[in-house]
Amino acid sequence: MTNASSSDNGMALTSGELDAYLARIGVGRPVSLDVDGLSRLHRAHLMAFTWEALDAFMGWPSSTAPAAAFAKMVEGRRGGWCYEMNGLFGAALAGLGFCVTRLCGGVDREMMGDIAIGNHLTLRVDLDRPYLAEVGLGDGIVEPVPLVVGPISQRGFDFSIQPTEGGWLRFKNHANGLAHSFDFRSDYSDEAAIATTLGWLTQDPGSPFTNALAILRHNADGYVALKNDCLRHVTAAGFDERRITSADHLAETFRTVFDLDIPGPGRVWEKIQAVGCDQAA
């Protein structure tokens, strides 16, 4: 097991990149290097960027490098998935002077076993105590939480961090979450495992992301999620659904609901039709 901080690995945004990033999320300098500053950035990041796994679904190139995430998300007006969302956020935090460590996790390891390790990147930020900063799960927390075992409640959604075997911790998502949980260790970084799993997630026919379109964006009281042709609005009180009915409807949804500039939305619609229009989980 290795420990890798963003600053130790050259994964910090430069001053110019930080200015562009902060402008993108609507936060001005100076940012305080405390839990209030971290919370402000965490929430702003999630409200500005859409979580999306479109590259894996369409077979487009993808990377775990924060520089690639910056180009895609800040300059390209796209969103990203865990490697990109948490990767960019961690690089921004490191550039601002926070002590941040990239942690290797496993979504749904409780069901899949150790093969899941590497399919998620999460962040530890050390302030007065360690905090879990997590903007990459999609429908999880909107503010960082102390990295301690116990229940978590935000905006009426219930989460928890629980101990599990072998010294691992398990973040349990809320009841309607697309991912049920992810496991991590507070001192475990493994960039090689992450890079290997990226290849499987983006290229293997058995990957859940190559067989279903998944996009999600937070709003004031919850989030809106698209799985293939099913658009779901979720709050702590419940959810409602409606269907995407055409390529034009999909393009409008990308633009107006998710604030995404997606090339060739017609090709995305064709792929959705090819894989079958599934009900959202």
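Higher on the page you've got the structure.
Throughout this document, residue positions are counted from 1 along each chain, in the order its sequence is written. Note on the predicted model: pLDDT of at least 70 is required for a residue's local features to be given, and 80 or more for side-chain atom pairs to be given and counted; whole-chain, interface and lining totals, by contrast, use all residues. Only hydrogens and water are removed before side-chain values are computed, so all heavy atoms of the structure are retained for them.

### With respect to the overall build of the protein
To be explicit about the condition: What counts as a helix is a DSSP run of H or I of at least four residues, what counts as a strand is a run of E of at least two, and both are numbered from the N terminus. When we talk radius of gyration, it's over C-alpha atoms, and the globule rule is simply 2.2 Å times the number of residues to the 0.38. Burial classification: accessible surface area is computed with a 1.4 Å probe over protein chains only, and a residue below 20% of its type maximum counts as buried, one above 50% as exposed, and the rest as partly exposed. In this analysis, two residues are considered to be in contact whenever any of their non-hydrogen atoms come within 4.5 Å of each other. Positive residues here are Lys and Arg, negative ones are Asp and Glu, while His and the chain termini are left out of the count. Taken as the charge centre is NZ of Lys, CZ of Arg, CG of Asp or CD of Glu, depending on the residue.
In terms of regular secondary structure, the protein is built from 9 helices and 13 strands. Here the protein has a C-alpha radius of gyration of 18 Å; the compact-globule value for 281 residues is 19 Å, and the two agree. Here the C-alpha coordinates of the protein stretch approximately 50 × 45 × 40 Å along the principal axes. For the protein, the residues scored as buried account for 56% of the 281 residues in total. Pairs at least 24 apart in sequence give 60% of the contacts found in the protein among residues at least 6 apart. Side chains of the protein carry 23 positive and 34 negative charges; the gap between the two charge centres is 2 Å.

### Describing the sheet that holds strand S9 (residues 181–184)
What counts is decided by this rule: Two strands qualify as a pair provided that DSSP identifies no fewer than 2 bridges between them. Angles shown run from 0 to 180 degrees and are taken between the N-to-C directions of axes, each axis being a line fitted to C-alpha atoms and, for helices, limited to the stretch in contact.
Taken together, 8 strands build an open sheet; the order of strands is S5-S4-S3-S2-S9-S8-S7-S6 and the sheet is antiparallel. In the strand order of this sheet, the two ends are held by strand S5 (145–146) and strand S6 (150–154), each with one partner. Relative to S5, strand S4 (residues 130–133) runs antiparallel, the two being bridged by 2 bridges. Following the sheet pairing, Tyr131 is matched in S5 by Pro146. Across the sheet, helix H5 (residues 82–96) is in contact with strand S2 (99–107), strand S3 (120–126) and S4; its angle to S3 comes to roughly 20°.

### Some remarks on helix H4 (residues 66–75)
Because an α-helix completes one turn every 3.6 residues, residues spaced three or four positions apart along the sequence face the same direction. Taken residue by residue, H4 has Pro66, Ala69, Phe70, Lys72, Met73 and Val74 as its buried positions. Elements that come into contact with the buried residues of H4 comprise helix H1 (15–25), helix H2 (35–48), strand S1 (51–52), helix H3 (54–58), H5 and S2.

### With respect to the packing of H1 against H2
The condition is simple: Any angle from 65 to 115 degrees is called roughly perpendicular, while one under 35 is roughly parallel, one over 145 is roughly antiparallel, and all others are oblique. In the scheme used here, Gly and all other residues not listed as nonpolar or charged are polar, with Ala, Val, Leu, Ile, Met, Phe, Trp, Tyr, Cys and Pro taken as nonpolar and Asp, Glu, Lys and Arg as charged.
For the pair H1 and H2, the least separation of the axes is 8 Å and the interaxial angle reads 70°. What the angle tells us is that H1 and H2 run roughly perpendicular. Touching Tyr21, Leu22, Arg24 and Ile25 of H1 are Leu41, Ala44, His45 and Ala48, all from H2. Broken down by class, the residue content of the contact of H1 with H2 amounts to 6 nonpolar, 1 polar and 1 charged.

### Quick notes on the packing of H1 against H5
Note the threshold: With the far helix as reference, a near helix turned anticlockwise by less than a right angle produces a left-handed crossing, and one turned clockwise produces a right-handed crossing.
Here H1 crosses H5 at 120°, and the two axes come no closer than 10 Å. If you check the angle between H1 and H5, you find them oblique. You can see that H1 and H5 cross each other, and the crossing is left-handed. For the pair formed by H1 and H5, the contact residues are Leu18, Tyr21 and Leu22 on the first element and Leu88, Phe89, Ala92, Gly95 and Leu96 on the second. Partitioning the contact of H1 with H5 into residue classes produces 7 nonpolar, 1 polar and no charged.

### Remarks on unusual backbone geometry
Between Arg29 and the following residue, Pro30, the backbone shows a cis peptide bond with an omega angle of 0°. Here Pro30 is to be found in the loop between H1 and H2.

### Some remarks on the nonpolar core
Our working definition: To qualify as a nonpolar core, a set must consist of buried Ala, Val, Leu, Ile, Met, Phe, Trp, Tyr and Cys residues joined through side-chain atoms within 4.5 Å.
Core analysis: the biggest nonpolar cluster contains 70 residues, and Tyr21, Leu41 and Phe171 have the highest contact counts within it. Counting residues per element, this core draws most heavily on H5, at 10 residues. Discounting chain neighbours no more than four positions away, the residues touching Phe171 are Leu132, Leu137, Ile141, Ile152, Phe159, Ser160, Ile161, His180, Ser181, Phe182 and Phe184. In this structure, Phe57, Val224, Val268 and Trp269 belong to the second largest nonpolar core, which totals 18 residues.

### Let's talk about the pairing of S4
In the sheet, S3 pairs with S4 via 4 bridges, with the strands oriented antiparallel. Opposite Asp126, over in S4, you have Pro130 as the bridge partner. The antiparallel pairing of S3 with S4 creates a hairpin that spans 3 residues between the two strands.

### Some points on the sheet that holds S1
Strands in a sheet are paired, the pairing made by backbone hydrogen bonds, and the direction either parallel or antiparallel. The 5 strands are arranged S1-S10-S11-S12-S13 in an open sheet whose pairing can be described as antiparallel. Either end of the sheet is taken by a strand with one partner, and the two such strands are S1 and strand S13 (238–243). Both strand S10 (residues 214–218) and strand S11 (residues 222–227) contribute to a ladder of 5 bridges, which runs antiparallel. Bridging from a neighbouring strand, Leu216 pairs with Ala225 of S11.

### A closer look at the pattern of salt bridges
The condition that has to hold: Definition used for salt bridges: Asp or Glu carboxyl oxygen within 4 Å of a side-chain nitrogen of Lys or Arg.
Evaluated as defined, the whole model comprises 17 salt bridges. Here Asp114 makes a salt bridge to Arg109, at a shortest N to O gap of 2.8 Å. Here Asp114 falls in the exposed class, since its relative accessible area comes to 52%. A salt bridge links Arg232 to Glu241; the nearest nitrogen and oxygen atoms lie 2.7 Å apart. Looking at Arg232, the relative accessible area reads 8%, which means it is buried. Three or more residues are tied together by salt bridges with common partners; here these are Glu52, Asp55, Lys72, Arg78 and Glu84.

In short, geometric facts, not functional conclusions.
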